[in-house]
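Commentary on secondary and tertiary structure
Residues per chain, in single letters:
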Amino acid sequence: MHDAGKIIPGMIAFVLFVTIPFWANFGKAAPEPKPELPKEYKKCVESKDFMRREHMKLLRKWRFDVVRNNMRVYINSEGQTFDMSLQNECMRCHTQKKKFCDVCHDYVAAHPYCWNCHIPPEEKKGWATKETENLTEEVSSKQPASHH
Ligand code: HEC
Ligand code: HEC
Ligand code: HEC
């Protein structure tokens with residue numbers, strides 16, 4: 001038998017150690033990102049912690065489910081349903097991409113390419129909006145497959 005009493009604290013120490021750069025940077029390096037949260041809503045799709053850590057994975061899953069499986073309804077951990085859409089769901093509440101998404105992404109120098117096609121609320125043009133309905137079925141059904 002292994003001595004769990006020693007291994008587990010050791011593992012915790014190791015995890016803390018390898019994440020030191022993260023903790024040391026968090027809240028220290030100025031200016032700390034302060035994404036502007038929606039005023040009209042109290043809750044996100046999932047918990048704030050989860051969203052902070054996992055929103056990129058959630059978006060990837062939504063995209064996959066919509067484009068590959070034609071599933072459009074997400075059921076969260078509390079049984080509430082959401083439309084699996086970046087523009088129509090995330091941005092319904094987070095209406096200010098610049099003051100929300102960009103604040104964090106600029107801080108960590110992440111530049112999701114999603115906005116090449118998906119349109120943040122300020123600007124309403126382009127082919128990944130609802131206006132794609134005006135395109136021929138063939139064009140709009142081929143686009144996602146080749147890009148996702
Ligand atoms: C119904 C409105 C609503 C929808 C839809 C929504 N959010 Fe949120 N989101 C919120 C609220 C409100 C908070 C703050 C939650 C809190 O303080 O507990 C939040 C928090 C977050 C956070 C954490 C911010 C921080 O400061 O840590 C991220 C990241 C996020 N949302 C991304 C997304 C993404 C990506 C989507 C789409 C997959 C989405 N949200 C959909 C309302 C929404
Ligand atoms: C609380 C800070 C925060 C907020 C708010 C936030 N993000 Fe992020 N986002 C991050 C971090 C950190 C990463 C990871 C960057 C990395 O790993 O390079 C990330 C990564 C991503 C990625 C993956 C990028 C890639 O190249 O793989 C996507 C997509 C994304 N965010 C979408 C959104 C959208 C859409 C919103 C606004 C609705 C949003 N995020 C709001 C912090 C945030
Ligand atoms: C080359 C253009 C393009 C790029 C880049 C792109 N998408 Fe998409 N995406 C589309 C199209 C077209 C659809 C299909 C729209 C539909 O069926 O409603 C789609 C569908 C989606 C959906 C489900 C439907 C919806 O309304 O949101 C999600 C979620 C999504 N993409 C997320 C992302 C994320 C996150 C990124 C960046 C990491 C990204 N996409 C990058 C074109 C693109």
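Up top is the structure.
Residues numbered from 1 in each chain as written. Chains lettered and ligands numbered in written order. Predicted model: local features only at pLDDT ≥ 70, side-chain atom pairs only at ≥ 80, totals over all residues.

**A few points about the site of ligand 1**
Around ligand 1, 19 residues are found, and the nearest of them are Cys44, Lys48, Met51, Cys90 and Cys93. Elements with a contribution of two residues or more to the shell around ligand 1: helix H3 (48–69) and helix H4 (86–93). Top element by residues in the shell around ligand 1 is H3. It accounts for six residues. Considered class by class, the residues forming the shell around ligand 1 number eleven nonpolar, two polar and six charged. (Near = placed C-beta within 6 Å. Helix = DSSP H or I, 4+ residues; strand = E, 2+ residues; numbered from the N terminus. Nonpolar A, V, L, I, M, F, W, Y, C, P; charged D, E, K, R; others polar.)

**Some details on unusual backbone geometry**
Backbone phi values are negative for most residues with the exception of glycine, while trans is the configuration of most peptide bonds. One non-glycine residue, Asn70, lies in the positive phi region at around 55 degrees. Its location among the elements puts Asn70 in the loop between H3 and strand S1 (73–75). Residue Asn70 is classed as exposed on the basis of its C-beta count, with 7 C-beta atoms lying within 10 Å. The backbone of Ala109 shows a phi angle near 55 degrees, a positive value even though the residue is not glycine. Position of Ala109 relative to the elements: it lies in the loop between helix H5 (101–107) and helix H6 (137–147). Take Ala109: there are 6 C-beta atoms within 10 Å of it, and that puts it in the exposed class. (Buried ≥ 20, exposed ≤ 12 C-beta atoms within 10 Å, placed from the backbone.)

**What to know about the environment of Pro121**
Tracing the chain through its elements places Pro121 in the loop between H5 and H6. It is 8.9 Å that separates the C-alpha atoms of Pro121 and His94, two residues lying 27 residues apart in sequence. Sequence-distant contacts of Pro121, that is, excluding residues within four places in its chain, are made with Met91, Thr95 and Lys97. (Contact = placed C-beta atoms within 7 Å.)

**So, the site of ligand 2**
Taken together, the neighbourhood of ligand 2 is formed by 16 residues, with Pro35, Met56, Cys101, Cys104 and Ala110 sitting nearest. Elements with a minimum of two residues in the shell around ligand 2: H3 and H5. At four residues, the largest contribution of residues to the shell around ligand 2 is made by H3. Class assignment for the residues of the shell around ligand 2 results in twelve nonpolar, three polar and one charged.

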